[in-house]
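Chain and residue survey
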Amino acid sequence: MKLIVIARRAAVHSRASLRFEANGFLQVRCFQHDFVPREPSVKPTKYKYPDFYDPYGPRPPPSEKIVQLAEQIAALPPEERRQIGPALGLKLSHPKLETISTEGMELGSAAGGGAGAGAAKVEEKKEKTAFDVKLEKFDAAAKIKVIKEVRAFTNLGLKEAKELVEKVPVLLKQGVTKDEANSIIEKIKAAGGSAVME
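Note that the structure is a prediction, hence the values are computed from the model and not measured.

1. Concerning the environment of Leu 171
With respect to the element layout, Leu 171 can be found in strand E4 (residues 170–176). In this structure the C-alpha to C-alpha distance between Leu 171 and Met 197, which are 26 residues apart in sequence, comes to 9.8 Å. Not counting residues up to four positions away in its chain, the partners in contact with Leu 171 are Asp 132, Val 133, Lys 134, Leu 164 and Glu 198.

In structure tokens, the structure reads:
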């Protein structure tokens, strides 16, 4: 009930003077704003903005000596222009920038994947020195000959060599040189089998 009375008083006061105050239950204050409408014939002010923002403000133009030096540098061929940076670095005693090795560091999952792939490529580029010989298949008629050849270079007994040959495809010998692996492959091929070098 008290709220309705306050609202009515506020409406009466607002019509009369466009300003009312209700200091009591709600503590309401309303004032007319200070907006002054612009005249339609007046055009807005246009400001000239600089081409780029310089936080240090306008700078004086370069001296004649600097302008001449810039012209001389621009007239140089590209090979000589590339030598200016290192020569200035030496003259001004700037420290040389060196690459930082990340070997042995964990750089997170995203960088780690890339580093792992890079390491794998480096390992592939190194020449392989140890090879494995794998028996892939053999003719059923030449099984005995293949077992004899396997026994010759593995030093296995007859039973072990037979079990090994029957598990085709199987690794016959690991960590041998390229020449030794090629000779084993030729012997198995002559006996009627098929072997590859890995």
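2. Side note on the packing of helix H5 (residues 143–154) against helix H6 (residues 158–166)
Remark: H5 packs on H6, axes separated minimally by 9 Å, with the N-to-C direction vectors making an angle of 115°. H5 and H6 meet at a crossing whose hand is right-handed. From H5, Lys 143, Val 146, Ile 147, Val 150 and Arg 151 reach across to H6, where they touch Leu 158, Ala 161, Lys 162, Leu 164, Val 165 and Glu 166. Here the contact of H5 with H6 is built from residues that sort into 7 nonpolar, no polar and 4 charged.

3. Concerning the nonpolar core
Formed by 19 residues in total, the largest nonpolar core has its most connected members in Val 133, Leu 135, Val 150, Leu 172 and Ile 188. Looking at this core, the elements that each hand over two or more residues are strand E3 (131–138), H5, H6, E4 and helix H7 (178–191). A per-element tally of this core places H7 first, with 5 residues. Residues within four places of Ile 188 in sequence aside, it is in contact with Leu 135, Phe 153, Leu 172, Gly 193, Ser 194 and Ala 195.

Parameters and conventions
Residues numbered from 1 in each chain as written. Predicted model: local features only at pLDDT ≥ 70, side-chain atom pairs only at ≥ 80, totals over all residues. Heavy atoms only, no water. Helix = DSSP H or I, 4+ residues; strand = E, 2+ residues; numbered from the N terminus. Contact = heavy atoms within 4.5 Å. Axes fitted to C-alpha atoms, helices over the stretch in contact; angles between N-to-C directions. Left-handed = near helix turned anticlockwise from the far one by under 90°. Nonpolar A, V, L, I, M, F, W, Y, C, P; charged D, E, K, R; others polar. Core = buried A, V, L, I, M, F, W, Y, C linked by side-chain atoms within 4.5 Å. Buried < 20%, exposed > 50% of the residue type's maximum accessible area, 1.4 Å probe, protein only.

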